[in-house]
Amino acid sequence: QVQLVESGGGLVQAGGSLRLSCAASGRTFNNYAMGWFRQAPGKEREFVSAVTGNAGSTYYTDSVAGRFTISRDNAENTVYLQMNSLKHEDTAVYYCAARVGWPRTFRAPTEYNYWGQGTQVTVSS
């Protein structure tokens, strides 16, 4: 069982930056694939980024590639999402997610077993 707690959300002007953190409980954190998803009002939850357990590979949805960076510190059981050049359309509740191993379809929310409570990111235009 893994518990995930996100932090770092807030209100920022367009063009600004935020760094989200997701702290995980439990041991063997490096056995878990970690993902970031977001959900805007009235929209479905969508994939943002994912990282393998050993941080060897990272993936991004096209709309954030080049602006967002996912990373993880397995010694600290924490995954991060550095968000730069934020746009109004990045406004959403951001969730981190985890699962053991690597999901067959890492962009699908249903592939992840554990979820945080979410943190609000609001980008003013």
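First, a word on what this report is: a plain description of the structure on this page.

### Describing the overall build of the protein
Phase 1 of the analysis: Looking only at helices and strands, the protein features zero helices and 11 strands.
Phase 2 of the analysis: In the protein, the succession of helices and strands from N to C terminus is β-β-β-β-β-β-β-β-β-β-β.
Phase 3 of the analysis: Considered along the principal axes of its C-alpha atoms, the protein spans approximately 40 × 25 × 25 Å.
Phase 4 of the analysis: Looking at the protein as a whole, 48% of its 125 residues are labelled buried.
Phase 5 of the analysis: A distance of 3 Å separates the average location of the 11 positive side-chain charges in the protein from that of its 9 negative side-chain charges.

### Structural notes on the pattern of salt bridges
Two side chains bearing opposite charge may form a pair once their charged atoms approach each other closely.
Phase 1 of the analysis: Enumeration over the complete set of coordinates arrives at four salt bridges.
Phase 2 of the analysis: Salt-bridge contacts for Glu111 lead to Arg99; the nearest nitrogen and oxygen are separated by 3.1 Å. Residue Glu111 is found in the loop between β9 (92–100) and β10 (114–115), and its partner Arg99 is found in strand β9; the two are separated by 12 residues along the sequence.
Phase 3 of the analysis: Salt bridges here are not isolated pairs; linked through shared partners, they connect Arg38, Glu46, Arg67 and Asp90.

### Observations regarding the sheet that holds strand β7 (residues 68–73)
Phase 1 of the analysis: Pairing in this open sheet of four strands is antiparallel, and the strands run β1-β3-β8-β7 from one edge to the other. The sheet is open, and its two edges are formed by β1 (4–7) and β7, each paired on a single side. The sheet shows a mean angle of 15 degrees between the axes of neighbouring strands, direction not considered.
Phase 2 of the analysis: In the sheet, β7 pairs with strand β8 (residues 78–83) via six bridges, with the strands oriented antiparallel. Bridge pairing in β8 places Arg72 opposite Val79.

### Describing the environment of Ala14
Phase 1 of the analysis: Within the fold, Ala14 resides in the loop between β2 (10–13) and β3 (18–24).
Phase 2 of the analysis: With a relative accessible area of 44%, Ala14 lands in the partly exposed category.
Phase 3 of the analysis: Along the sequence, Ala14 and Ser124 sit 110 residues apart, while their C-alpha atoms lie 5.7 Å from each other.
Phase 4 of the analysis: Leaving out residues up to four positions away in the same chain, Ala14 has contacts with Leu86, Val123, Ser124 and Ser125.

### Overview of the nonpolar core
Phase 1 of the analysis: Ranked by size, the top nonpolar core spans 29 residues in total, and within it Leu4, Met34, Trp36, Phe68, Leu81, Met83 and Tyr94 carry the most contacts.
Phase 2 of the analysis: Going through the elements one at a time, β3, β4 (32–39), β5 (46–51), β7, β8, β9 and β11 (119–124) are the ones with two or more residues in this core.
Phase 3 of the analysis: Those residues in contact with Tyr94, other than ones at most four positions away along the chain, are Glu6, Leu20, Trp36, Phe37, Arg38, Val48, Phe68, Leu81, Met83, Gly118, Thr119 and Val121.
Phase 4 of the analysis: Membership of the second largest hydrophobic core comes to six residues, among which are Ala50, Ala97, Phe106 and Tyr112.

Reading the values: rules and limits
Residues numbered from 1 in each chain as written. Predicted model: local features only at pLDDT ≥ 70, side-chain atom pairs only at ≥ 80, totals over all residues. Heavy atoms only, no water. Helix = DSSP H or I, 4+ residues; strand = E, 2+ residues; numbered from the N terminus. Buried < 20%, exposed > 50% of the residue type's maximum accessible area, 1.4 Å probe, protein only. Lys, Arg positive; Asp, Glu negative; His and termini not counted. Charge placed at Lys NZ, Arg CZ, Asp CG, Glu CD. Salt bridge = Lys/Arg side-chain N within 4 Å of Asp/Glu carboxyl O. Pairing = 2+ DSSP bridges. Axes fitted to C-alpha atoms, helices over the stretch in contact; angles between N-to-C directions. Contact = heavy atoms within 4.5 Å. Core = buried A, V, L, I, M, F, W, Y, C linked by side-chain atoms within 4.5 Å.

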